[in-house]
Protein chains: 2
Amino acid sequence: MALYQDLDRETLLEMKAKLEKEYADVKGRGLKLDMSRGKPGASQLALTMPMLDVINSHSDMHTKLGNDTRNYGDLDGIGECRRLLAGMMGVEKDNVVVCGNSSLNIMYDSIARSMTHGVNGCTPWCKQEKVRFLCPVPGYDRHFKITEYFGIEMINIPLHEDGPDMDMVEEYVNNDPTVKGIWCVPKYANPTGISYSDETVLRFAHLKPAAEDFRIYWDDAYSLHHLYKDKKDRVKNILEACEQAGNPDMVYIFASTSKISFPGAGVAAIASSLKNLEYIEGQMTIQTIGHDKINQLRHARFFKDIQGLKEHMSKHADLLRPKFEAVLSALDKELSGTGIGTWTKPLGGYFISFNAMEGCAKAIVAKCKEAGVTMTGAGATYPYGKDPLDSNIRIAPTFPSSEEMAMATELFILCVKLVSVEKLLEKMA
Amino acid sequence: MALYQDLDRETLLEMKAKLEKEYADVKGRGLKLDMSRGKPGASQLALTMPMLDVINSHSDMHTKLGNDTRNYGDLDGIGECRRLLAGMMGVEKDNVVVCGNSSLNIMYDSIARSMTHGVNGCTPWCKQEKVRFLCPVPGYDRHFKITEYFGIEMINIPLHEDGPDMDMVEEYVNNDPTVKGIWCVPKYANPTGISYSDETVLRFAHLKPAAEDFRIYWDDAYSLHHLYKDKKDRVKNILEACEQAGNPDMVYIFASTSKISFPGAGVAAIASSLKNLEYIEGQMTIQTIGHDKINQLRHARFFKDIQGLKEHMSKHADLLRPKFEAVLSALDKELSGTGIGTWTKPLGGYFISFNAMEGCAKAIVAKCKEAGVTMTGAGATYPYGKDPLDSNIRIAPTFPSSEEMAMATELFILCVKLVSVEKLLEKMA
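How each quantity is defined
Here the residue index of a chain counts from 1 through its sequence in written order. Naming scheme: in the order in which they are written, chains are lettered from A and ligands are numbered from 1. Per-residue local features are limited, in this predicted model, to residues with pLDDT of at least 70; the limit for side-chain atom pairs, both in listing and counting, is 80 or more; totals at the level of whole chains, interfaces and linings are taken over all residues. Side-chain figures throughout are based on the complete set of non-hydrogen atoms in the structure, without hydrogens or water. Only runs of H or I of at least four residues qualify as helices and only runs of E of at least two qualify as strands under DSSP, and these elements are numbered from the N terminus. Each radius of gyration reported is based on C-alpha atoms, and the globular scaling rule is 2.2 Å times the count of residues to the power 0.38. Accessibility here uses a 1.4 Å probe with only protein chains present; expressed as a share of the type maximum, an area under 20% marks a residue as buried, one over 50% as exposed, and anything in between as partly exposed. By definition, residues are in contact when any of their heavy atoms lie within 4.5 Å. Here the open area of atoms and residues is found with the Shrake-Rupley method and a 1.4 Å probe, where only the protein chains shown may cover a residue. When charges are counted, Lys and Arg are positive and Asp and Glu negative, with His and the chain ends excluded. Here the site of a charge means atom NZ of a Lys, CZ of an Arg, CG of an Asp or CD of a Glu. Among buried residues, those of type Ala, Val, Leu, Ile, Met, Phe, Trp, Tyr and Cys that are joined through side-chain atoms within 4.5 Å constitute a nonpolar core. By buried area we mean how much accessible surface two parts lose on assembly, using a 1.4 Å probe and totalling the loss over both. Think of a polar contact as two N or O atoms within 3.5 Å of one another; within protein, one of them needs to be a possible hydrogen donor and the other a possible acceptor, and neighboring residues in sequence only count if both atoms come from side chains. When residue character is reported, Ala, Val, Leu, Ile, Met, Phe, Trp, Tyr, Cys and Pro are called nonpolar, Asp, Glu, Lys and Arg charged, and the others, Gly included, polar. Take the residue count of a helix, subtract one, and multiply by 1.5 Å to get its expected span. Here the copies are matched by least squares. The fit uses the C-alpha atoms of residues with pLDDT of at least 70 in both. Pairing between strands is defined by DSSP: at least two bridges between the two strands are required. Axis angles are defined between N-to-C directions and span 0 to 180 degrees, where every axis is a line fitted to C-alpha atoms and, for a helix, only to the segment in contact. Only centres within 6.5 Å qualify two rings of Phe, Tyr or Trp (six-membered ring in Trp) as a pair; their planes then separate them into stacked at under 30 degrees, edge-to-face at over 60, and tilted for everything else. One side-chain nitrogen of Lys or Arg within 4 Å of one carboxyl oxygen of Asp or Glu is enough to make a salt bridge. Here, the term right-handed applies to a crossover whose path from the first strand over the helix to the second runs clockwise when the strands point away from the viewer.

Asks: For this particular structure, what's the right way to read the overall build of chain A?
Replies: In terms of helices and strands, chain A carries 14 helices and 13 strands. Here the C-alpha atoms of chain A give a radius of gyration of 23 Å, agreeing with the 22 Å that 2.2 N^0.38 yields for 429 residues. The dimensions of chain A, computed from C-alpha atoms along their principal axes, are 75 × 55 × 35 Å. With 429 residues in all, chain A has 62% of them scored as buried. Put simply, 77% of the contacts in chain A that link residues at least 6 apart link residues at least 24 apart. Entry remark: accessible area of chain A is about 16,100 Å², with carbon and sulfur atoms responsible for 50%. Considering chain A, the positive charge centre built from 50 side chains and the negative charge centre built from 57 side chains are found 4 Å apart.

Asks: It is not clear to me how the nonpolar core should be interpreted in this structure. Could you clarify?
Replies: Generally speaking, nonpolar side chains in soluble globular proteins are found buried as a group. Judged by nonpolar contacts, the single largest core of 226 residues is most densely connected at Phe204(A), Trp218(A), Phe412(A), Phe204(B), Trp218(B) and Phe412(B). If we ignore the near neighbours within four places in the chain, the residues touching Trp218(A) are Cys184(A), Pro186(A), Tyr196(A), Val201(A), Phe204(A), Val235(A), Ile238(A), Val251(A), Tyr252(A), Ile253(A) and Phe254(A).

Asks: Sorry, what's going on with the interface of chain A and chain B here?
Replies: In many reports, interface size means the accessible area that the parts give up when they come together. Between chain A and chain B, the residue contacts involve 57 residues of the former and 57 residues of the latter. Across the chain A to chain B interface the summed buried area is about 4,700 Å²; carbon plus sulfur atoms make up 57%. Three residues, Arg70(A), Tyr72(A) and Ile286(A), lead the burial of chain A against chain B; their summed loss comes to 16% of the area buried on that side. Applying the counting rule to chain A against chain B returns 18 residue pairs in polar contact (both at pLDDT 80 or more). Elements that contribute at least two residues to the side of chain A that touches chain B include exactly α2 (42-47), α3 (51-54), α5 (103-117), α6 (141-149), α10 (274-287) and α11 (293-303) of chain A. Looking at the side of chain A that touches chain B, the element that brings in the most residues is α5(A), giving eight residues. Per-class residue counts for the side of chain A that touches chain B are 25 nonpolar, 20 polar and twelve charged.

Asks: Help me understand helix α10 (residues 274-287) of chain B, please; the structure alone is not making it clear to me.
Replies: Along an α-helix, residues three or four apart share an orientation, since each turn contains 3.6 residues. In this model α10(B) runs 20 Å from its N-terminal to its C-terminal C-alpha over 14 residues, within 8% of the 20 Å that 1.5 Å per residue would give. Those residues of α10(B) that sit buried are Asn276(B), Leu277(B), Ile280(B), Gln283(B), Met284(B), Ile286(B) and Gln287(B).

Asks: Please explain the relation of the copies chain A and chain B as it appears in this structure.
Replies: The two chain copies are connected by a rotation around an axis plus a translation along it. Overlaying chain A with chain B gives an RMSD of 0.0 Å, the required rotation being 180° about an axis along which the chain moves by 0.0 Å. Here the copies are linked by what is in effect a two-fold axis. A symmetric contact is evident, with 100% of the interface residues of chain A recurring at the interface of chain B.

Asks: What is the right way to look at the sheet that holds strand β13 (residues 392-395) of chain A in this model?
Replies: Within a sheet, adjacent strands bond to each other through the backbone by hydrogen bonds, running parallel or antiparallel. Residues and elements named next belong to chain A. Here three strands make up an open sheet; going across it, the order is β10-β11-β13 and the pairing antiparallel. Taken across any chain shown, the strands that pair with only one partner, and hence form the sheet edges, are β10 (341-343) and β13. Direction aside, the axes of adjacent strands within the sheet are offset by 25° on average. Judged from the three bridges that link them, β10 and strand β11 (residues 352-356) form a sheet pairing that is antiparallel.

Asks: What should I look at first to understand the packing of aromatic side chains in this one?
Replies: Between two aromatic rings, the relevant description is the distance of the centres plus the angle of the planes. Residues and elements named next belong to chain A. Following the criterion strictly, the structure yields 34 aromatic pairs over all chains and no others. Arranged with centres 5.1 Å apart and planes meeting at 45°, the rings of Phe 133 and Tyr 217 form a pair that is tilted. Taken together, the residues span a long stretch of sequence, with Phe 133 in strand β3 (residues 132-137) and Tyr 217 in strand β7 (residues 215-219) at a distance of 84 residues. Note on Phe 133: relative accessible area 0%, which makes it buried.

Asks: When you look at the side chain of Thr116(B) in this model, what are you seeing that I'm missing?
Replies: Mapped onto the fold, Thr116(B) is located in helix α5 (residues 103-117). Reaching out from Thr116(B), the side chain makes a polar contact with the side chain of His117(B) at a distance of 2.7 Å. Among all residues touching Thr116(B), those that are not within four sequence positions of it are Met115(A), Thr116(A), Phe150(A), Pro124(B) and Cys126(B).

Asks: Any chance you could explain the pattern of salt bridges here in plain terms?
Replies: Opposite charge on two side chains permits them to pair, given that their charged atoms come into close proximity. Counting across every chain of the model gives 46 salt bridges over all chains. For the salt bridge of Asp176(B) with Arg132(B), the shortest nitrogen-to-oxygen distance reads 2.5 Å. Taken together, the residues span a long stretch of sequence, with Asp176(B) in the loop between α7 (166-175) and β6 (179-184) and Arg132(B) in strand β3 (residues 132-137) at a distance of 44 residues. Considered together, Asp176(B) and Arg132(B) belong to a single accessibility category, that of buried residues. Residues joined by salt bridges that share partners form a network here, namely Lys130(A), Arg132(A), Glu153(A) and Asp176(A).

Asks: I keep staring at the pairing of strand β8 (residues 251-256) of chain A and nothing clicks. Help me out?
Replies: Look at any regular strand and the pattern is simple: side chains alternate between the two faces of the sheet. Residue and element names in this part refer to chain A. Counting buried residues in β8 gives six out of six residues, a clear majority hidden from the surface. Neither face of β8 is exposed, since Val 251, Ile 253 and Ala 255 on one face and Tyr 252, Phe 254 and Ser 256 on the opposite face are all buried. Across four bridges, β7 lies against β8 in parallel orientation. The residue of β8 that forms the bridge with Trp 218 is Ile 253. At this point the chain moves from β7, through helix α9 (residues 238-244), to the parallel β8, and the crossover so formed is right-handed. In this sheet, strand β9 (residues 268-271) lies alongside β8 in antiparallel orientation, the contact comprising four bridges. Residue pairing in the sheet places Ala 255 in a bridge with Ala 269 of β9.

If you want it as structure tokens, here you go:
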């Protein structure tokens, strides 16, 4: 296909007219589709329905240790569920505390606790002059919302194919005591789908933070979320790496089964050093008497172990792979060689990251919306919702059906073309 | 029975010798009982087991409005569960947000939010010189732990038969802008079991707080937890009263089904004015994508409505009444007229509050523990764990079986007598 940038004004004007007509047609169809969030589709949710039979009125409600899951107790989670999530997170059972239904809430609590009480006895952040976080971009909007909410200054760090720009990360973390954390999605990153290389993980583990209360916020949201059986990313174990590098307390790992069992009705956990967990549990015991242990039991008995989780996730992969491939092949067919967009081809996770020509993302998302397809807001993948190049768009192909996906992708591509042509004409003017 | 205070030294010494022998005997039995926490007994939990069949793999998982409870969404709770808890809390559905499993966690979050972000836009408490809370005593230890954890200064307010000392409450709240809140358990209070009179509720509603960010923290933990069918406390509706008094935003009401369905696997809620809830939801949307809606659906379909909840709780009453009566009749038989103890005779709730002679509570609890019965720590019912008179002991009769309860009560009474005799002898010396 010809590079749009090489086309002359007349050709562009012709294309514009044609695209506008197509757009008007699509708009007339009255679409109403949502590609904004990383939501599992109904067919994925159906896979977990048998879990709801695992615990019933005839079940023995006691843990292997004999604790009654129906009553108060087990603040750090029941043993069998801690073991299940430890398997998923690649750590020992004792390094895991299973909480409620939301890993985001655990992250929020970690930041909130650091604000009011400080990290492991350090000065509370609310009493420090300035607190800053490193934010690999593009990244997960809900991470950035938490730090923004607490008035933490965010610094963009470019995210490469193999992880964040580690030269910049080292420069900041090792020299600037106001830098207290970095948001990471190490595997199938939201939204680019890249995974951190071993070297990246090792460089993380060998950081020499200027701030004693610096922590790596390692959101292992997609550890089992492969799309292919034969092509899987793997990420080096960060907790082990930190221990070996003499930084045993430097990382908090977060995970949940929200995109494995049910969003909202899953179980979430934090993994870290025993020292960190002891401090965290000291706060948790003020906050709650305990989490939902019946749901923990339900998960432990249904999935049994890491092998059970993996088998379940291979069924998810079978459902998601065609959706991702449909989007990717449409993009490839319609946009490759045009110079008006690049996109990632992830092996797992929930998103495809699309980069439009500079200054086009907002207009593309607005045009999609006008015709009935909601994308994640342009800019959402950057701190403060500000994409400096106005270029990145997150595509979430998991929730719509295949047919809806096809329609939405067709519209998206149309909008990319139309906005790009308009932008090029504008530049010529 | 004779007043112990009237006995001469010789008689007391004789009694002491006899009681010490009895104590040694009981100690020899090797008891291991826990009367420390307000935990439901196994027979109560069994009543809720059928709830676990209500949602199974064949269930329609959609709410009445058609939302899929298995997926993300409905941050403020599903409609049918909001309606259920609204019935329980005596408010409209729109005044309720259903959250996770723990009302304590909602209270904690309310305080945490006020610390870092302030109440509805007021200066965050962490940036105010001094923040103080009124604490009716004796009260609930976990309330006091939250305010202590956040460095909030606590002021003891005597709790009378009809509620907190409202003269003192008005004096503080209406004049002191550092007073930001008061912890209340309005019905079957923890631990005394008293309920607030209409006059108390009205005086609360008509407060004229010096601090704009003053709120009443109304922990309606035992609203349906009656012991008798024909004798039930009722408490005037505080949200309505506040509205009518022109203070619509002054109260947060908290409740849960922890002691109705399952501790840990229940649902919890906050009720307040629409203005307050809007502010709270603005924070919740940063904190989590949503709570466990499947468990909300399970509760809504099992209990159906307030009538269903009431019927369920009358079965709890049948189980708990004999336990309370066993303790009360033993206390009556052994201690009335002795002058060494007074106790409450609640019509509901989870506790009996016992007042020993001044300076005896710690010693009694320690003696019980030494012989194998764990009571709530003496002092726990006061801020900072400091009972100024060292007199109050909380008795939690719900968890042990009737036989265990009888043994534990026998030991408790023995320890009260022994410690009191020792104290009287000490005074004579």
